[in-house]
Amino acid sequence: MIIRKSGPADVASLYKLEQELFSIENFPLSKSSFTYHLRNNLLYIAEVDGNIAGYVLVLIKRVNAKLYSIGVDEAYRGKKIAQMLLEKISKELISLEFKRLVLEVRVDNEAAISLYKKLGFSVIKRLKSFYRDGCDAYFMEYEYAGKAL
Ligand SMILES: CC(C)(COP(=O)(O)OP(=O)(O)OC[C@H]1O[C@@H](n2cnc3c(N)ncnc32)[C@H](O)[C@@H]1OP(=O)(O)O)[C@@H](O)C(=O)NCCC(=O)NCCS
C-alpha cells in the first residue's frame, strides 16, 4: 500500500468511492469539489494494487486545519488505512506549522469517533442538529504541540 497526494487522474475513482461512502445528507463531494480540493487543500489517497482504498481531505485555512472527510472502501476496512492516512496528514501539517487539527463528526458514527479518540482527538463541544437529517455533531480537536499523531 502506498499513501500519496492525489492528482487529477484520481478524481473519477475518488468520486465513485465517495458515492459509496456517503449518502446525500452527509454532503458527498462532487467531481468538481475533488478537483478544487486537490489543488487548494491536502487530499491524500491510500492506493492498494492500483485501487483507491481510501482518502483523507484536510482543509487548510490561515490558522486552523480542518479534517473535512476521511473514508475507506469497505473491502479495505480494519487494516489501519484510516490511521495511516491521518498519521501521514499529521506529518504534513506539522511541516506546514499548523498547531491544531479540528473536525466535526456525527455523534452516531462510532467507528470514526473511536478512530479519532484512539489517535488523541478530544471532544470540545456538541453541535446541535449540525447535519441535514438533524443529527448532532461532536466538534473535536487535536493539538500538535510539536508531536505527530
Ligand atoms: C471510519 C473509517 C474511515 C475507519 O477506517 P479504517 O481504515 O477501517 O480504520 P482503521 O483500520 O485505521 O482503524 C483505526 C482505529 O479506528 C477505530 N475503528 C475503526 N473502525 C472501527 C469500527 N468499525 N468500530 C469501532 N472502532 C473502529 C479503532 O479504534 C481502530 O483501531 P484498532 O483497530 O486498533 O481497534 C471507515 O469505517 C469509513 O470509511 N467509514 C465511512 C466513512 C466515514 O464515516 N468517515 C468518517 C466521517 S467523514
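Look a little higher up for the structure.
Notes on the structure follow. (Residues numbered from 1 in each chain as written. Predicted model: local features only at pLDDT ≥ 70, side-chain atom pairs only at ≥ 80, totals over all residues. Heavy atoms only, no water.)

**Here we look at the overall build of the chain**
As a reminder, the rule being used: Only DSSP runs of H or I with at least four residues qualify as helices, and only runs of E with at least two residues qualify as strands; both kinds are numbered from the N terminus onward. Throughout, radius of gyration means the C-alpha value; the globule benchmark is 2.2 Å times the number of residues raised to the power 0.38.
Helix and strand counts for the chain stand at four helices and seven strands. Going residue by residue from the N terminus, the α and β elements of the chain occur as β-α-α-β-β-β-α-β-α-β-β. In terms of C-alpha radius of gyration, the chain reaches 15 Å, essentially the compact-globule figure of 15 Å for 149 residues. Here the C-alpha coordinates of the chain stretch approximately 40 × 35 × 30 Å along the principal axes.

**Looking at helix α2 (residues 31-40)**
Heads up, the condition is: Here's how the labels work: a residue is buried when its accessible area is under 20% of the maximum for its type, exposed when over 50%, partly exposed in between, all with a 1.4 Å probe on protein chains only. Throughout, the arc means that of the directions going from the helix axis to the C-beta atoms. Note on definitions: a residue-residue contact is assigned when non-hydrogen atoms from the two residues lie within 4.5 Å.
What α2 keeps buried is the set F34, H37 and L38. Projected down its long axis, α2 carries its buried residues within an arc of 100°, all on one side. Exposed and facing more than 90 degrees away from the buried side of α2 are S32 and R39. The inward-facing, buried residues of α2 abut α1 (11-21), β2 (42-48) and β3 (51-60).

**A few points about the pattern of salt bridges**
Where charged atoms of side chains with opposite charge meet at close range, the side chains can pair. So the rule is basically this: For salt bridges, the criterion is a side-chain nitrogen of Lys or Arg within 4 Å of an Asp or Glu carboxyl oxygen.
The tally for this structure, following the rule as stated, stands at 10 salt bridges. Between E20 and K16 there is a salt bridge, with its nearest N and O atoms 3.5 Å apart. With a gap of four residues between them, E20 and K16 both fall in helix α1, about one helical turn apart. For K16, a relative accessible area of 56% translates into the label exposed. A salt bridge links D136 to K128; the shortest N-O distance between them is 3.2 Å.

**Concerning the packing of aromatic side chains**
Worth spelling out the cut-off: For Phe, Tyr and Trp, where Trp contributes only its six-membered ring, two rings pair if their centres lie within 6.5 Å, and the inter-plane angle classes them as stacked under 30 degrees, edge-to-face over 60, or tilted in between. Charge-over-ring placement is defined geometrically: NZ (Lys) or CZ (Arg) within 6 Å of the ring centre, and within 35 degrees of the ring normal.
Considering all chains together, one arrives at five aromatic pairs under this definition. Ring centres 5.5 Å apart and planes at 55° place the aromatic pair F121 and Y142 in the tilted group. In this pair, F121 is assigned in the loop between α4 (110-118) and β6 (122-127) and Y142 in strand β7 (residues 137-143), connecting sequence segments 21 residues apart. Y142 shares its class with F121; the two are buried. Among the aromatic side chains, those forming a connected cluster through ring pairs are Y116, F121, Y142 and Y144. Directly above the aromatic system of Y131 lies the positively charged group of R106, at a separation of 5.4 Å from the ring centroid. The ring of F139 carries K125 above its face, with NZ or CZ at 5.6 Å from the centroid.

**Considering the packing of helix α3 (residues 81-95) against α4**
We apply this condition: Throughout, an axis means a line fitted to C-alpha atoms (over the contacting stretch in the case of helices), and angles, computed between N-to-C directions, take values from 0 to 180 degrees. An angle below 35 degrees is read as roughly parallel, one above 145 as roughly antiparallel, one from 65 to 115 as roughly perpendicular, and any other as oblique. Each crossing gets its hand from how the near helix is turned against the far one by less than a right angle, where anticlockwise is left-handed and clockwise is right-handed. Each residue gets one label: Ala, Val, Leu, Ile, Met, Phe, Trp, Tyr, Cys and Pro are nonpolar, Asp, Glu, Lys and Arg are charged, and the others, such as Gly, are polar.
In the contact formed by α3 and α4, the axes pass within 11 Å of each other and the chain directions differ by 45°. It follows from the interaxial angle that α3 and α4 lie oblique. By crossing handedness, the relation of α3 to α4 is classed as right-handed. Here α3 contributes A82, Q83 and L86 to the contact with α4, which in turn contributes L115, Y116 and K118. Grouping the constituent residues of the contact of α3 with α4 by class yields four nonpolar, one polar and one charged.

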